[in-house]
Amino acid sequence: MDSAQITIANDFINQGKFKKAKKILSNCKSDKNALFLLSKCYKSEKNLLESLSCLEHALKIDAEFDLALFEIALLYKSLKNYDSAVGAFHSFLKIHPDVYEAYFNLGNLYRDNNELDLAIDVYKKALGLNNSDYEIYTNISDVLITKGLFQEAEVYCQKAFSLNQKDPRISNNAGFLQLESKNYDSAIQAFQYSLKLDIEN
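On a predicted model such as this, the values are computed, not experimentally measured, just so you know.

Conventions used here
Residues numbered from 1 in each chain as written. Predicted model: local features only at pLDDT ≥ 70, side-chain atom pairs only at ≥ 80, totals over all residues. Heavy atoms only, no water. Phe/Tyr/Trp six-rings, centres within 6.5 Å; stacked < 30°, edge-to-face > 60°. Helix = DSSP H or I, 4+ residues; strand = E, 2+ residues; numbered from the N terminus. Buried < 20%, exposed > 50% of the residue type's maximum accessible area, 1.4 Å probe, protein only. Polar contact = N/O pair within 3.5 Å; in protein donor to acceptor, adjacent residues only side chain to side chain. Contact = heavy atoms within 4.5 Å. Patch = residues over 30% accessible without salt bridge, like charges linked within 9 Å, V, L, I, M, F, W, Y side chains within 5 Å. Areas by Shrake-Rupley, 256 points an atom, 1.4 Å probe, with all protein chains shown as cover. Salt bridge = Lys/Arg side-chain N within 4 Å of Asp/Glu carboxyl O. Expected span 1.5 Å × (residues − 1).

A look at the packing of aromatic side chains
Overall, the coordinates contain seven aromatic pairs when judged by the stated rule. Aromatic side chains Phe-70 and Phe-89 sit 5.8 Å apart centroid to centroid with 80° between the ring planes, which places their arrangement in the edge-to-face category. Separated by 19 residues along the polypeptide, Phe-70 in helix α5 (residues 66-78) and Phe-89 in helix α6 (residues 82-95) bring together distant segments of the chain. Accessibility classification places Phe-70 together with Phe-89 in one group, the buried group. On the numbers, 5.1 Å between centres and 65° between planes, the contact of Phe-70 with Phe-92 is edge-to-face. With Phe-70 in helix α5 and Phe-92 in helix α6, the pair connects residues that are 22 residues apart, well separated along the chain. The same class applies to Phe-70 and to Phe-92, which are both buried.

Laid out in structure tokens, this is it:
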């Protein structure tokens, strides 16, 4: 497949015209970039297994195809295949140890599997690469609350709120922390603000 066809298919995908892109790409099984784009077409159809198959085939062509590795990790996460998702994120991070989104997603996997210390470690690595993403602070705060480390959780919760006042999870965490500190009026205000944001969203 020549680069012009791949460019046309990519343009169709960017326009949301996945069927047209798929028609161009479906006969190509030997080009990693075409397979990557074809995986996007299958993903748009919610056919995650076929999308995964395309990406795995692309990795057979190039074992260090970083875009495919990252997408494979996300697909395994969506398919609830925890071990494979973790492995794929680790493989990606060996190639690109400076991508905070990979650490963030890996942290979410560890959190969801109740491996809280590992989650905190990788969230902190994500923060080392990007300290302006409120979601990282929010998720660390969530995990620290679960572990009962309320004072430390409050530091991260306050930082998250300073970056984004519109996410109800942050206000909910703040309310819980105020409740733990027996600051009942502040807790009620935080919970009410969280409910208001939920309604607005």
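Some points on the side chain of Asp-167
For Asp-167, the location among the structural elements is in the loop between α10 (150-163) and α11 (168-180). Engagement of the side chain of Asp-167 in a polar contact is seen with the side chain of Tyr-134, the distance being 3.4 Å. Asp-167 has contacts with Tyr-134 and Leu-197, leaving out every residue within four places of it along the chain.

Section: a nonpolar patch on the surface
On the surface, a nonpolar cluster with roughly 280 Å² of combined accessible area is contributed by Phe-176, Leu-179 and Tyr-184. Tracing the chain through its elements places Tyr-184 in helix α12 (residues 184-200).

Observations concerning helix α8 (residues 116-129)
Given a rise of 1.5 Å per residue, 14 residues ought to cover 20 Å, and the 20 Å separating the end C-alpha atoms of α8 matches this to within 8%. All of the buried residues in α8 are Leu-116, Ala-119, Ile-120, Val-122, Tyr-123, Ala-126 and Leu-127. Its buried side turned inward, α8 meets α7 (100-112), α9 (134-147) and α10.

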